[in-house]
Every structure is written in C-alpha cells, then in structure tokens.
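Fold and geometry: a report
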Amino acid sequence: MNRCSNPAHPHCTVWVMPGDAACAHGHAQPAASDAAQSSDDALSAHVPAMPASAPIAMPIAAPSQRPHLHVSGFDPRAAGGRQVLKLELRGMPPDCAPQVTLLASSRLRLEGGERHSFTRTLRGEWLPVFLEFSSRGLEHGQYRVELELHSRAQAARTWVATLLILAPRADASLHDIHQTFLATHKNVRVHADDASIARVNARLGGGRVDIDVKASNAGIAHLDLDGLNAPQGKIDLGFSSIAWDEDLLEIDLPAQAADHPCPASMACLELAGGSAGRPRYLRLFALDECVLGRVDGEGDVLLAHHDDAGPVAEGLTRRLSARHAVIRRGREGFEIEDVSRYGLLVDGTWPGKHKGLRLHPGMRIELTASIPGIVVLEVTAVLAHAIVLHRVDAGLAHEAFYLLDPERAPAGAARAGVAGLPLLCHRDGGFWHIDAASGEQTPLTPTVAFHRLAGWPRDAAFAASAYPEMRNGRSTSAQSAVHRES
C-alpha cells in the first residue's frame, strides 16, 4: 500500500491500495508510469547535467572489519567437567596466509594440545577450531587462556588475545553464574526461548551498555538497567551457553635473529680423560627452572650417590626423590626450593618445604636432610645470567653443573667468568662460548674447534645432551617446552 500521491493534496496521508484510481477522500491518483516520470523529472531538476563522455564513478565503501575471534559454546555450569570452546576467526586481512597457527596456553587442562590451525576455505571463510579443556581439581575463579595467532605469508604477522574463563563453584546457581559474567562483560545480548525467563539486572554507575534482548516461544525477558547507551562490541548470552567476540591485537614482531647451528636447552662439555681441578662432565642447562632428582627420575639434573668406584644407582641413591628440589630465578636471584619427601639441607639447615631460599656463593647443599651426605653440592659462582654448582663429595671429579638463564646474555661485569671454567651463555636457542678478553661469542656445536677457544682444553667435546654417557641421551628439546609445577 502507498499513501495518497495526488500533487494537489500533498498533506493527504490516506493509504491507497495499488491500482486504485482515487483515495478514500476522492483525490485522483496518477498512473504508475506518470508517477515514475514525475519523480525522474523532479530528480533531474536538482542534478546538473553531465557530459555524455564523462564516466560516472561510484565509490563503494568496503565494510570495516576488525580481526577478532567469535567464542561460543562456553557453559560455566559444567564446572569441573569437560568443556569445548568453539573459536571462529573473522575479519582477517586478505593478505593473511591460508593457514594460521593458533598457540594456546592456560592453567586449565587443554585436552587437545596447545597447537592448532585455522584453515581458510575456497569461499574465504575459516574453519572453526574447537578448544577442549577441563577445570577438574582446580580452584574456582577466573582463568586466562593466552592465544597467539601466527600468519607466515610473505609478511609474517602475529595477533594475540586473552580469554577469561570462569570456573564457578560446584554449588553455584545459574543466577550467580550469569551475574558474575555480566559483572565482567557490560555489553550483552540476552535470549529467552522455549518458555524460559531471562532476568538482567545491571548497575552501570553512569557507564554505557549495549544490550540486545530477544524473547520467543513463550519466553520472558526482564530487563532492569539504570542507563541505555550503545558502545562498540557485544556479547551473546544464552541459557545453554555463553558467546562473545574477542578482539585480536596485532603485535610488531622484532627482527628474527639467525638460528643457532645446534639448538639445545641442555648440553654437556666433556673431557676425554678429565683434567686436574676440572670435572669430566660440565652439564649445561638453560631452563626456566631446573628440577634436581634421582638418576632414574623425571628431573633435569640427575643425581646419584658416589663412592670410591663411581656412581651407585642403588643403595643411598634410592633416598633421593624423583623430584627432589627446584632451582629457578626469583626476583632477587637464583633460589632453591625443597619439593622432596626426605628434604635437603642448605648450610646445615632445612629451609622448609615449598619455600624458596636465595643461593649465594659458598653455600653447601646436602641431599637429603634425613641422611646427609648422599649428594653434596657447593655454589661456586653466581653470575647475573647463570649459577655454577660443583660436587664436593666423591663425585667431585665426575661432574659439575652450569645453570643458565635461557635467552639471556651476561652482563659486562660477568666477563670475568668462573675460575677454571669457560664463560658461557644461552641465546637464539643454543649455547655460546664467550671470550672473556675480547667478548667474541662462538656457538657451541659438536664440530666446534675447542683448541681455538680460550678457557677450555683442546680435548673437550660438545654434546647436545646433558648426559651423553647414558643410552637414552636425555635429549631435552621437548622437556624444555613442558611446564612443570613444583
């Protein structure tokens, strides 16, 4: 239906059925062709004439889209159980690679691993990724899921995002869960369906909110707000699951350094026959935290009791825990933490379980506290980027330990190095030898010419394993990527 279009009566608002010759007030209606002609004439009267040869440019504004993830399928009521998040990639730039790598990390137990991939279809859409996780046995509260997206096309690009996942109490009601969710996400969309009731109470304190309420199939939506405005962004809230959009922030990638010719997180410098004042094996570790444990355990630094004949796998060695202690860098320097059953002594005193104690040069560490003397270590040097431990028991000539901060160069004051040992550092994924006089750095590989390096004998050998004398080799490229909780 159209309103009355008689030009002599422009104020008539009576509706006219299509095809009628006059409206209800008797005003004659122009024919369809006449109305179209009159509208064209009126339009041409206001538009200046253009030359016939002049092209007409019609700019088309492309819709502005921002890269973001649409997250759906989250149900906080499944606290402690298995959950699946559906991640949909949207708004990516056209020069993005056809396959984008997704790296996820969280304290939540990610069931499907930490590495996933988004794949673009022939229509330009992205196949969704399903992120499975469980909060079983974890404290209730909010947990972060850190996401990194890497596009390796002609120009490498990286985006980051952080998801906040609510793990409610086991006895939390659905109303409590929704109120907690609304307290952290102000822009919401509420759906009530199949005779359900949606109640939203938001106290914004003068802030802005964008809420979309939909009730269908005998559903009831109750909305109570103190202000109605419309900021950007929105979140879908349903009674079966919660969904929202998470913006992707592109970060500027630094220039990529050259790869190390022999990448390793643990390695060993070996002397063929040993030398006076130096151990046969100098074991190198470049980990965020080093776990000291029994030789057949799951630690990084594998320890055994030594007698006059050498290491003993049984006997007193069995008193060492598989995970006996952890050495990590704290805020004030390197510290040791006891995580064992039988304890340890630092300068003859038990530091307490799960309590970090800062290490200083000259400190003596004895394993265990119940039977001292099974393994005795001494802190011989503490540098800005490393700590050195020597055995001061029967294993003195067998091994020493060089624990370095990964991807950190030594400070200028550390050029003096360690008496009797070379100055080393870890960067670009591998170990480097540093000339204390000139500062020249040489990557350590199995083929390095040690006779050209200062601070180490010619007959030394490098192995990309902390325990080359063992058959399994204890390769640690995979271990260094595993997060351990002490």
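Residues numbered from 1 in each chain as written. Predicted model: local features only at pLDDT ≥ 70, side-chain atom pairs only at ≥ 80, totals over all residues. Heavy atoms only, no water.

What about the overall build of the protein?
Selection rule: Numbering goes from the N terminus for both helices and strands, where a helix is a DSSP run of H or I of at least four residues and a strand is a run of E of at least two. In this description, contact between two residues means that some pair of their heavy atoms is separated by no more than 4.5 Å. Areas reported as accessible are Shrake-Rupley estimates using a 1.4 Å probe. Residue values count occlusion only from the protein chains shown.
Helix and strand counts for the protein stand at 2 helices and 35 strands. Here the contacts in the protein between residues at least 6 apart in sequence split such that 50% fall between residues at least 24 apart. Per element, the accessible surface of the protein, about 26600 Å² overall, is 52% carbon and sulfur.

Considering the packing of aromatic side chains
Note the following rule: Stacked, tilted and edge-to-face are the three classes assigned to paired rings of Phe, Tyr and Trp, where Trp is represented by its six-membered ring and a pair needs centres within 6.5 Å; plane angles under 30 degrees give stacked, over 60 edge-to-face, the rest tilted. Charge-over-ring placement is defined geometrically: NZ (Lys) or CZ (Arg) within 6 Å of the ring centre, and within 35 degrees of the ring normal.
This model, assessed by the stated rule, comprises 0 aromatic pairs. When the ring centre of Phe-334 is taken as reference, the NZ or CZ atom of Arg-329 above it lies at 4.5 Å. Note that Arg-427 overlies the ring of Trp-432, its terminal NZ or CZ placed 3.7 Å from the centroid.

Describing the sheet that holds strand E5 (residues 99–106)
The strands making up a sheet associate through hydrogen bonds between their backbones, and the pairing can be parallel or antiparallel. Which entries qualify depends on this criterion: We call two strands paired when DSSP finds no fewer than two bridges between them. Only C-alpha atoms enter the line fits that serve as axes; for helices the fit covers just the stretch in contact. Angles between N-to-C directions range over 0 to 180 degrees.
Sheet architecture is open: 5 strands sit in the order E7-E5-E9-E10-E17, paired in antiparallel fashion. The open sheet has two edge strands with one neighbour each: strand E7 (115–119) and strand E17 (249–251). Neighbouring strand axes in the sheet, compared pairwise and without regard to direction, differ in orientation by 30° on average. In this structure, E5 lies alongside E7, joined through 5 bridges in antiparallel fashion. Along E7, the bridge assignment pairs Val-100 with Phe-118.

Points about the sheet that holds strand E18 (residues 266–271)
Taken in spatial order, the 8 strands line up as E26-E28-E29-E30-E31-E19-E18-E35 in an open sheet, and their pairing is mixed. Single-partner strands in this sheet number two, and they are strand E26 (344–346) and strand E35 (460–463). Each strand of the sheet is rotated relative to its neighbour by a mean of 20°, with strand direction disregarded. Pairing geometry for strand E29 (residues 375–382) and strand E30 (residues 386–391), over 5 bridges, is antiparallel. Across the sheet, Val-382 pairs through a bridge with Ile-387, a residue of E30.

What about the environment of Gly-373?
Counted only if it meets this: Think of it in three bands: residues with accessible area under 20% of the maximum for their type are buried, residues over 50% are exposed, and the middle band is partly exposed, with areas taken using a 1.4 Å probe on protein chains only.
Looking at the element boundaries, Gly-373 is found in the loop between strand E28 (364–367) and E29. Assessed through its relative accessible area of 29%, Gly-373 is described here as partly exposed. Measuring from C-alpha to C-alpha, the distance between Gly-373 and Ala-394 comes to 9.9 Å, with 21 residues separating the pair along the chain.

As for the environment of Gly-299
Position of Gly-299 among the secondary structure elements: in the loop between strand E20 (289–294) and strand E21 (301–303). Residues Gly-299 and Ala-325, spaced 26 residues apart in sequence, show a C-alpha to C-alpha distance of 9.0 Å.

A closer look at unusual backbone geometry
Note the cis peptide between Leu-367 and Thr-368, where omega equals 10°. With respect to the helices and strands, the residue Thr-368 is situated in the loop between E28 and E29. With a phi close to 55°, Asp-347 is a non-glycine residue in the positive phi region. Relative accessible area serves as the criterion here: at 47%, Asp-347 is assigned to the partly exposed category. A positive phi angle, near 55°, is found at Glu-407, a position not held by glycine. Inspection of the secondary structure puts Glu-407 in the loop between strand E31 (399–404) and strand E32 (423–427).

Brief notes about the pairing of E29
Sheet topology note: the E28/E29 ladder contains 4 bridges and is antiparallel. Within E29, the position partnered with Ile-365 by the bridge is Leu-377. The antiparallel pairing of E29 with E30 creates a hairpin that spans 3 residues between the two strands.

With respect to the pairing of strand E9 (residues 141–152)
Sheet topology note: the E5/E9 ladder contains 7 bridges and is antiparallel. When the sheet's bridge partners are listed, Ser-105 is paired in E9 with Glu-146. The pairing of E9 with strand E10 (residues 156–167) spans 12 bridges and is classified as antiparallel. Following the sheet pairing, His-150 is matched in E10 by Thr-158.

Quick notes on the side chain of His-27
Secondary-structure assignment places His-27 in the loop between strand E2 (15–16) and helix H1 (32–46). Given a relative accessible area of 14%, His-27 falls into the buried group. Setting aside residues up to four positions removed in sequence, His-27 forms contacts with Cys-4, Asn-6, His-9, Cys-12, Ala-21 and Ala-22.

What about the pattern of salt bridges?
Two side chains with opposite charge may pair up if their charged atoms get near one another. The condition is simple: When a carboxyl oxygen of Asp or Glu lies within 4 Å of a side-chain nitrogen of Lys or Arg, that pair is called a salt bridge.
Applying the stated criterion across every chain yields a total of 20 salt bridges. A salt bridge links Glu-125 to Arg-123, with the shortest nitrogen-to-oxygen separation between them at 3.2 Å. A relative accessible area of 70% means that Arg-123 is categorised as exposed. One salt bridge in this structure joins Glu-270 and Arg-280, with 3.8 Å as the shortest N-O distance. In this pair, Glu-270 is assigned in strand E18 and Arg-280 in the loop between E18 and strand E19 (281–285), connecting sequence segments 10 residues apart. For Arg-280, a relative accessible area of 33% gives the class partly exposed. Among the ionic contacts, a cluster of salt bridges with common partners joins Arg-283, Arg-391, Asp-393, Glu-399 and Glu-469.

So yeah, pure geometry; function would need other evidence.
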